[in-house]
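Read off the chains here:
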Amino acid sequence: MTDAVWAEIERSESFLVCSMYEEAAALASSIIKQRGRPNLFIDDDLEFDLYEAMEAAGMVLVQSLKQLSRTSTILNELKTLFVTVEAIPVQVLLTGACFQISEALTSGVRECLEEFLNKWRYVDEQYYVLASVEINSNFKEGSDSHFVLGVDEYIQVVELYAVMLLGKVSSDVDLAISWVEQAALPDKKRQELLRRLHSLYSTKVTHLSQGSLSHLPLAIYESHPSVEGPNVPEGTLKDSKTSCLLNGKNDSKQAILKLNRSPYGWLWWFRNITLRFGNYQMVISNGKVLIGCLTLFVYYILRRKEVSLQSIVRRQALFVKKCLVDLWQLAFSYQVNPLAAIQPLPSPAAAAAVTR
């Protein structure tokens, strides 16, 4: 039976590697439905092997659903196939929940994790056992079977629920701290989780104080005495209540002054320009727009200068041409008798006769 199950699992993994996600999801779902959840009356080794098989089939199913863009249905599919939340292998549950959180599909994730965590009870400060199952000698420390859960595996689910989901995604650090303080956890793990949550709480308070001190809750350190914070006198707290009202009236004025003092000035409203061409979108920053305008202006000036320079050069060329033509005409317009050099001079007698 075990060999046949693993053969089907290898086949589903082959479908997943070959990007045949529909076939992989269908075969993995069939494997989980046929084998179901283990029971207390089978051999421990066979139960452990079956748990690993269900874990492998569950991982194939989770990855296939994500590739099929059905991430929002992962936890619902797992609860349907495994019948109960506690029957889902831990790694499969963590992977499915992380897939949904990564795509901001947190609907149902919180309820599923809460239900899973409430199904276990801490026994002998060594491991977790299903609350509906009686303890017997077969339960072993560190076992990964369906009815016994190791501390590390349980803490992984707690970290995802308290730190990631409540603390970071939902920003509900108060609830996360309260839940960790009341949960049945090892003391060392509890202190580590509280330390991480307190750091998230301090980061949240710092962001609020940097954004607007007037909106900082006055009882932010009163709700959790364990969170270290500044010692503020009671008189200062009372004065801050009245200053909050005064500061609220100046918010609009400060916003206008901040806008005028900004390096962009009133161009801040036109910092980015978005151009859309069908399904394509292009964002142009204010700097690029300014450089483009300067380039067009310089090009316009050069074009104007080019036209004026051409007209000046043309006029000068015409003037030079006219001067050369006038010089040429002046040089060759004087009439000279070419035979004057070879005519003989008249005799003195002839010259005297002519004078007479």
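Owing to the predicted nature of the structure, the values given are computational and were not obtained by experimental measurement.

## A short note on the confidence of the model for the chain
Summarising the model, the chain shows a mean pLDDT of 75, and 62% of its residues fall at 70 or more. Ranking the elements of the chain by mean pLDDT puts helix α10 (residues 234–249) last with 47 and helix α5 (residues 90–102) first with 94. In this model, residues 137–144 is a region of pLDDT below 50 whose contacts with residues beyond four sequence positions or in other chains number 18 contacts. Predicted confidence for residues 241–246 stays below pLDDT 50, and this span has two contacts to residues more than four positions away or in other chains.

## Quick notes on the packing of aromatic side chains
In the structure shown here, the tally under the stated rule is four aromatic pairs. Judged by centre distance (5.9 Å) and plane angle (55°), the ring pair of Phe116 and Trp120 falls under tilted. We classify Phe116 as buried; its relative accessible area is 0%. Ring centres of Tyr128 and Tyr154 lie 3.8 Å apart, and the angle between their planes is 15°; this geometry places the pair in the stacked category. Of this pair, Tyr128 sits in strand β2 (residues 127–130) while Tyr154 sits in helix α7 (residues 151–169), placing them 26 residues apart in sequence. Take Tyr128 and Tyr154: they sit in the same class, and that class is buried. Grouping aromatic residues by their ring pairs yields a cluster made of Tyr122, Tyr128 and Tyr154. The ring of Phe99 has Lys66 sitting right over it, with the charged end atom 5.0 Å from the ring centre.

## Digging into the pairing of strand β1 (residues 120–123)
In this structure, β1 lies alongside β2, joined through four bridges in antiparallel fashion. By the bridge assignment for β2, Tyr122 is matched with Tyr128. Between β1 and the antiparallel strand that follows it, β2, lie three residues; Asp124 among them carries a positive phi value of about 55°.

## Comments concerning a nonpolar patch on the surface
On the surface, a cluster of nonpolar side chains totalling about 490 Å² of accessible area is made up of Phe297, Val298, Tyr300, Ile301 and Leu302. Along the chain, Tyr300 turns up in helix α12 (residues 286–332). Since its relative accessible area comes to 45%, Tyr300 is described here as partly exposed.

## Side note on the packing of helix α4 (residues 74–82) against α5
When two helices pack together, you describe them by how their axes are tilted relative to each other and by the distance separating the axes. As a packed pair, α4 and α5 sit with axes 9 Å apart at the nearest point and diverge in direction by 155°. It follows that α4 is roughly antiparallel to α5 by the angle criterion. Taking contact as the criterion, the partners of Ile74, Leu75 and Leu78 in α4 are, on α5, Val92, Leu93, Gly96, Ala97, Phe99 and Gln100. Residue composition of the contact of α4 with α5, grouped by class: seven nonpolar, two polar and no charged.

## Details of the nonpolar core
Of all hydrophobic cores here, the largest spans 67 residues; its most connected members are Leu78, Leu113, Phe116 and Leu185. Of all the elements, α7 adds the most residues to this core, at eleven residues. Leave out the neighbours within four places in its chain, and Leu185 touches Tyr122, Tyr128, Tyr154, Ile155, Val158, Val180, Arg190 and Leu193.

## Focus: the packing of helix α6 (residues 109–118) against α7
Direction vectors running N to C along α6 and α7 enclose 145°, while the axes themselves pass 10 Å from each other. The crossing of α6 and α7 is left-handed. Every residue of α7 that contacts α6 at Val109, Arg110, Leu113, Glu114, Phe116 and Leu117 is listed here: Tyr154, Val157, Val158, Leu160, Tyr161, Leu165 and Leu166. Looking at side-chain class alone, the contact of α6 with α7 contains eleven nonpolar, no polar and two charged residues.

## A closer look at the environment of Met59
Position of Met59 among the secondary structure elements: in helix α3 (residues 44–67). Residues Met59 and Val92 lie 33 residues apart in sequence; the distance between their C-alpha atoms is 5.6 Å. Excluding its chain neighbours within four sequence positions, the residues that come into contact with Met59 are Gln91, Val92 and Thr95.

## Some remarks on the pattern of salt bridges
Here the structure, examined in full by the defined rule, presents four salt bridges. We note a salt bridge from Arg70 to Glu77, for which the minimum N-O separation is 3.6 Å. Residue class for Glu77 comes out partly exposed when judged on its relative accessible area of 27%. Notably, a salt bridge pairs Glu159 with Arg196, separated by 3.5 Å at the nearest N-O pair. Of this pair, Glu159 sits in helix α7 while Arg196 sits in helix α9 (residues 187–211); the two residues are 37 residues apart in sequence, bridging distant segments of the chain. A relative accessible area of 36% places Arg196 in the partly exposed class.

Rules of the game
- Residues numbered from 1 in each chain as written.
- Predicted model: local features only at pLDDT ≥ 70, side-chain atom pairs only at ≥ 80, totals over all residues.
- Heavy atoms only, no water.
- pLDDT = per-residue confidence, 0-100.
- Helix = DSSP H or I, 4+ residues; strand = E, 2+ residues; numbered from the N terminus.
- Contact = heavy atoms within 4.5 Å.
- Phe/Tyr/Trp six-rings, centres within 6.5 Å; stacked < 30°, edge-to-face > 60°.
- Buried < 20%, exposed > 50% of the residue type's maximum accessible area, 1.4 Å probe, protein only.
- Lys NZ or Arg CZ within 6 Å of the ring centre and 35° of its normal.
- Pairing = 2+ DSSP bridges.
- Patch = residues over 30% accessible without salt bridge, like charges linked within 9 Å, V, L, I, M, F, W, Y side chains within 5 Å.
- Areas by Shrake-Rupley, 256 points an atom, 1.4 Å probe, with all protein chains shown as cover.
- Salt bridge = Lys/Arg side-chain N within 4 Å of Asp/Glu carboxyl O.
- Axes fitted to C-alpha atoms, helices over the stretch in contact; angles between N-to-C directions.
- Parallel < 35°, antiparallel > 145°, perpendicular 65-115°, else oblique.
- Nonpolar A, V, L, I, M, F, W, Y, C, P; charged D, E, K, R; others polar.
- Core = buried A, V, L, I, M, F, W, Y, C linked by side-chain atoms within 4.5 Å.
- Left-handed = near helix turned anticlockwise from the far one by under 90°.

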